[in-house]
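# Close look at the chain arrangement
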Amino acid sequence: MALALTLREYEFSVLLLEARELPEKVDDPRPLALSYGSRLILQRLDIWKNLTQPAPITTIHISNRGHFGHAVLTPDDAGVPALGYVVNYHDLYHSMGRAIRGSNAVYQTNALVTAIRTDLSLAQVAYQQGSTTRQVRARLLVLADGGKLAEQIDGVRYHTYDYQQTAIVANVKVESPRPGTAFERFTLNGPLALLPSGEGYALVWTMPAAAAEKILKLDDRSFLLHLHEQFGDRMGEFTHVGPRSSFPLILKHASTITGHRAVLIGNAAQALHPVAGQGFNLGLRDAWELASEISRIPSGTPGEPGSTRMLAAYSRRRQSDKRISRLFTDSLVKLFTADLPLVQTCSGMGLAALDNLPPARRLIAHQMIFGTKGWFIG
Ligand SMILES: Cc1cc2nc3c(=O)[nH]c(=O)nc-3n(C[C@H](O)[C@H](O)[C@H](O)COP(=O)(O)OP(=O)(O)OC[C@H]3O[C@@H](n4cnc5c(N)ncnc54)[C@H](O)[C@@H]3O)c2cc1C
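Residues numbered from 1 in each chain as written. Predicted model: local features only at pLDDT ≥ 70, side-chain atom pairs only at ≥ 80, totals over all residues. Heavy atoms only, no water.

### Re the overall build of the protein
- If you tally the helices and strands in the protein, you get 10 helices and 20 strands.
- For 378 residues, the compact-globule estimate of 2.2 N^0.38 gives 21 Å, and the C-alpha radius of gyration of the protein, at 21 Å, lies within 12% of that figure.
- Considering only C-alpha atoms, the protein reaches an extent of 60 × 45 × 40 Å along its principal axes.
- A total of 378 residues make up the protein; the buried ones form 52% of that total. (Helix = DSSP H or I, 4+ residues; strand = E, 2+ residues; numbered from the N terminus. Rg over C-alpha atoms; globule rule 2.2 N^0.38 Å. Buried < 20%, exposed > 50% of the residue type's maximum accessible area, 1.4 Å probe, protein only.)

### Some details on helix α10 (residues 358-370)
- In a regular helix each residue adds 1.5 Å, so 13 residues correspond to 18 Å; α10 covers 18 Å between its end C-alpha atoms and thus fits that length.
- For α10, the set of buried residues is Arg361, Ala365, His366, Gln367, Met368, Ile369 and Phe370. (Expected span 1.5 Å × (residues − 1).)

### Section: the site of the ligand
- The environment of the ligand is made up of 27 residues, and the closest members are Glu18, Ala33, Val113, Asn267 and Phe280.
- In the environment of the ligand, a nitrogen atom lies 3.5 Å from a nitrogen or oxygen atom belonging to the backbone of glycine 279.
- In isolation the ligand offers 1,000 Å² of accessible surface; the protein chains occlude 83% of this area.
- Mapped onto the shell around the ligand, the elements with two or more residues apiece are β2 (31-35), β8 (111-118), β12 (158-174) and α7 (279-295).
- Across the shell around the ligand, the residue classes break down as 15 nonpolar, seven polar and five charged. (Near = heavy atom within 4 Å. Polar contact = N/O pair within 3.5 Å; in protein donor to acceptor, adjacent residues only side chain to side chain. Areas by Shrake-Rupley, 256 points an atom, 1.4 Å probe, with all protein chains shown as cover. Nonpolar A, V, L, I, M, F, W, Y, C, P; charged D, E, K, R; others polar.)

### Regarding the layout of surface pockets
- Of the voids in this model, the second largest pocket is the one considered here, and its volume is about 350 Å³.
- Taken together, 16 residues make up the lining of the second largest pocket; nearest its centre are Arg285, Trp288, Glu289, Phe370 and Lys373.
- Residue assignment for the lining of the second largest pocket shows that the elements contributing at least two residues are α2 (36-44), α7, α8 (308-337) and α10.
- Tallied by class, residues from the lining of the second largest pocket come to six nonpolar, three polar and seven charged. (1 Å grid on protein atoms, 1.4 Å probe; cavity = no way out; pocket = protein on both sides within 12 Å on 5 of 7 lines; lining within 4 Å. Points joined across faces, edges and corners; volume = space filled by probe spheres on them.)

### Quick look at the packing of aromatic side chains
- Applying the stated criterion across every chain, the model contains nine aromatic pairs.
- Plain terms: the ring middles of phenylalanine 183 and tyrosine 201 are 6.3 Å apart, the flat faces sit at 55° to each other, and that makes the pair tilted. Here phenylalanine 183, found in strand β13 (residues 181-186), pairs with tyrosine 201, found in strand β15 (residues 200-208); they are 18 residues apart in sequence, far enough to count as distant. The pair phenylalanine 183 / tyrosine 201 is uniform in exposure class, with both members buried.
- Ring centres of phenylalanine 183 and phenylalanine 231 lie 5.2 Å apart, and the angle between their planes is 90°; this geometry places the pair in the edge-to-face category. Linking phenylalanine 183 in strand β13 with phenylalanine 231 in helix α6 (residues 220-231), this pair joins segments that are 48 residues apart in sequence.
- On the basis of relative accessibility, which here comes to 3%, the residue phenylalanine 183 falls in the buried class.
- For arginine 244, the ring lying beneath its charged end belongs to phenylalanine 223, and the centroid distance is 4.2 Å.
- Across from the ring centre of tyrosine 158, 4.5 Å away, lies the NZ or CZ of lysine 252, which sits over that ring. (Phe/Tyr/Trp six-rings, centres within 6.5 Å; stacked < 30°, edge-to-face > 60°. Lys NZ or Arg CZ within 6 Å of the ring centre and 35° of its normal.)

### Examining the pairing of strand β10 (residues 132-138)
- By the bridge criterion, seven bridges tie strand β9 (residues 123-129) to β10 in an arrangement that is antiparallel. For alanine 123, the partnering residue across the bridge sits in β10 and is alanine 138. (Pairing = 2+ DSSP bridges.)

### A look at the sheet that holds β2
- The three strands lie next to each other as β2-β6-β3, forming an open sheet whose pairing is antiparallel. Every other strand in the sheet has two partners, leaving β2 and β3 (55-57) as the edge strands with one partner each. For this sheet, the mean angle separating the axes of adjacent strands, direction not counted, is 30°.
- In this sheet, strand β6 (residues 84-88) lies alongside β3 in antiparallel orientation, the contact comprising three bridges. When the sheet's bridge partners are listed, isoleucine 57 is paired in β6 with glycine 84. (Axes fitted to C-alpha atoms, helices over the stretch in contact; angles between N-to-C directions.)

### Some points on the sheet that holds β9
- Judged by pairing direction, the sheet is antiparallel, and its three strands sit side by side in the order β8-β9-β10 without closing on themselves. Edge positions in the open sheet fall to β8 and β10, since each of these has one partner strand only. Direction aside, neighbouring strands of the sheet carry axes that sit 20° apart on average.

### Quick look at unusual backbone geometry
- The phi dihedral of aspartate 46 falls on the positive side, at around 65°, and the residue is not glycine.
- Tracing the backbone shows aspartate 46 in the loop between α2 and β3.
- Residue class for aspartate 46 comes out partly exposed when judged on its relative accessible area of 43%.
- Of note, the phi angle at alanine 276 is positive, near 70°, even though the residue is not glycine.
- Considering the arrangement of structural elements, one finds alanine 276 in the loop between β20 (270-271) and α7.

### As for the side chain of glutamine 230
- On the secondary structure map, glutamine 230 appears in helix α6.
- A relative accessible area of 9% means that glutamine 230 is categorised as buried.
- Apart from residues no more than four positions distant in its own chain, glutamine 230 is found in contact with Arg65, Arg185, Thr187, Leu192 and Trp205. (Contact = heavy atoms within 4.5 Å.)

So this is what it looks like as structure tokens:
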């Protein structure tokens, strides 16, 4: 959707196929932490102003359960008004759906892509809409399907690593909330994040799959007590938990993000661990940078967009951001869940050092907000 919206300024004909119903009919209460960099993109797409009350993150508090050392990031570290914002997934999805319908892109919902084939000159797509099977051809196929169809493209395979962890997601309330503060608490079981959302917090709590199965079955009171034990007393008692859902966690990235006349973006290109809330932000940057590469094509150039040259340029442009974001999230998880005293002591020292070194805080904040482009912002 973000790519289609960015391309509305240019004279390309865009067809967007979506397996789900119209966004208004999709209710997904998941909270999303968006970086300040994503806000800038959504502002350029004219989407930001339509979101209902994004909750600003003005402090990120990072700690390691049972160990000394913590770090605090603030907007001053990055020279931005807020480190990020928490929005509702469905709010964002509805706003984008409305904008797409007001654009020149053709938007087909209930359209399930079943097969794709690409060669040097064209991409061909078969999709099912109701009882009708349709075919379409395009000069460029952009796969943003979360990664189900990509292996139908020659040369694309996924590297996967199963964290054997599950993320439990729920809205919770606490006795003494700290408005604007997001918490990232590492525990030996996995990271636990609390993101400010409405009057409470959106919880993303990761742990080994077997432990999650047990915790999901607990009654609300036992769930909250267990959460309090892991998080500590920074905000007093946990007083309320809403419906809980869970997601298995797998790191996945494509061996190549391009094929003949095809490119993968978002989770189709890489699915990351949710620690530090990077996945959606990275996918949005994919869409933005791809639109920018497409927009460089001089009008009337035959065979573009989707030429080998254009796709190679996009791939080069995205390489470091993708690799560093993957390494950043994967290393955080592995480092802080390693049950080795020396590693835990070093990670505690790392947090303490981060807290005392403004240049290190700036680097980390810029990476989280802008990806690798942020490294070059003074
Ligand atoms: C617990 C958890 C918490 C997270 N929190 C954050 C966070 O705070 N911040 C953040 O940045 N990221 C977060 N992420 C990551 C983020 O959710 C994903 O990176 C992001 O949703 C991926 O978006 P996508 O559009 O690439 O893929 P998807 O969200 O998977 O969307 C794919 C789309 O393609 C459609 N589709 C699929 N197959 C077909 C088909 N055959 N034909 C037609 N359409 C099809 C689907 O209907 C869907 O609309 C989190 C992830 C998890 C698991």
